[in-house]
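Spelled out from the first residue to the last, the chains are:
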Amino acid sequence: MQFAAGWPIFADVVLLRYDVSMSGDFTGQFYEKLVPYGGIELPVSGTITVNPDCSYASTLNVTIQGVPVAIPTRGVFFDGGKKMYGLNMNQDPTGTLYSFGQGQRIGQ
C-alpha cells in the first residue's frame, strides 16, 4: 500500500479470542491497538471455514461506532493451529480501509 505525502505512519495490532463451534460459528472478543489509539475491545461473532491446507475464510461481525459491520477475512493457521495470519478482504469499490475499533479511514 502506498500512502499519499503527509499521511501519518501507524502501527495496528489485532488479537482475536473466540470459541468456535463444530459448525464454524464463533463468538468472542476483538482487541485492537491502533497507534495512537489503544484499549479497543469489541464483542465479535461470525463464521469460519478452515481448509485441509490450514487456510481459512471467515466473516467477522462487529459494531463500529454503532453500525454493524461484516468484515470478510482470509488467511492461514500455523503453529499447530495456535496462531493465524489474516487479511481484511473488504471489497469496498473505493478501496477504503478502516480501523476495526475506531471506524476511521486509514488508507485507500
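Residues numbered from 1 in each chain as written. Predicted model: local features only at pLDDT ≥ 70, side-chain atom pairs only at ≥ 80, totals over all residues. Heavy atoms only, no water.

Novice: Is there a simple way to think about the environment of Asn51 in this case?
Specialist: Take Asn51: it is sitting in the loop between β3 (40-50) and β4 (55-64). With a relative accessible area of 33%, Asn51 lands in the partly exposed category. Distance from Asn51 to Val76, taken between C-alpha atoms, is 9.1 Å for residues 25 residues apart in sequence. (Helix = DSSP H or I, 4+ residues; strand = E, 2+ residues; numbered from the N terminus. Buried < 20%, exposed > 50% of the residue type's maximum accessible area, 1.4 Å probe, protein only.)

Novice: Looking at this structure, how should I read a nonpolar patch on the surface?
Specialist: On the surface, Val76, Phe78, Tyr85 and Leu87 cluster together into a nonpolar patch covering about 380 Å² of accessible area. Every element with two or more residues in the nonpolar patch is listed here: β5 (67-78) and β6 (83-88). (Patch = residues over 30% accessible without salt bridge, like charges linked within 9 Å, V, L, I, M, F, W, Y side chains within 5 Å. Areas by Shrake-Rupley, 256 points an atom, 1.4 Å probe, with all protein chains shown as cover. Salt bridge = Lys/Arg side-chain N within 4 Å of Asp/Glu carboxyl O.)

Novice: Could you clarify how one ought to interpret the sheet that holds β6 in this entry?
Specialist: Within a beta sheet, neighbouring strands are joined by backbone hydrogen bonds and run either parallel or antiparallel to one another. Judged by pairing direction, the sheet is antiparallel, and its six strands sit side by side in the order β1-β2-β3-β4-β5-β6 without closing on themselves. Every other strand in the sheet has two partners, leaving β1 (12-20) and β6 as the edge strands with one partner each. Each strand axis lies, on average, 35° off the axis of its neighbour in the sheet, ignoring direction. Pairing geometry for strand β2 (residues 25-34) and β3, over eight bridges, is antiparallel. Bridge pairing links Asp25 to Thr47 in β3. (Pairing = 2+ DSSP bridges. Axes fitted to C-alpha atoms, helices over the stretch in contact; angles between N-to-C directions.)

Novice: Would you take a moment to explain the packing of aromatic side chains for this structure?
Specialist: Given two aromatic rings, one states the distance between the centres and the angle between the planes to describe the pair. Under the definition given, this model contains two aromatic pairs. Consider the rings of Tyr56 and Phe77, whose centres lie 5.1 Å apart with planes at 50°: the pair is tilted. Taken as a pair, Tyr56 in strand β4 and Phe77 in strand β5 lie far apart in primary sequence, 21 residues in all. Neither Tyr56 nor Phe77 differs from the other in exposure class; each is buried. (Phe/Tyr/Trp six-rings, centres within 6.5 Å; stacked < 30°, edge-to-face > 60°.)

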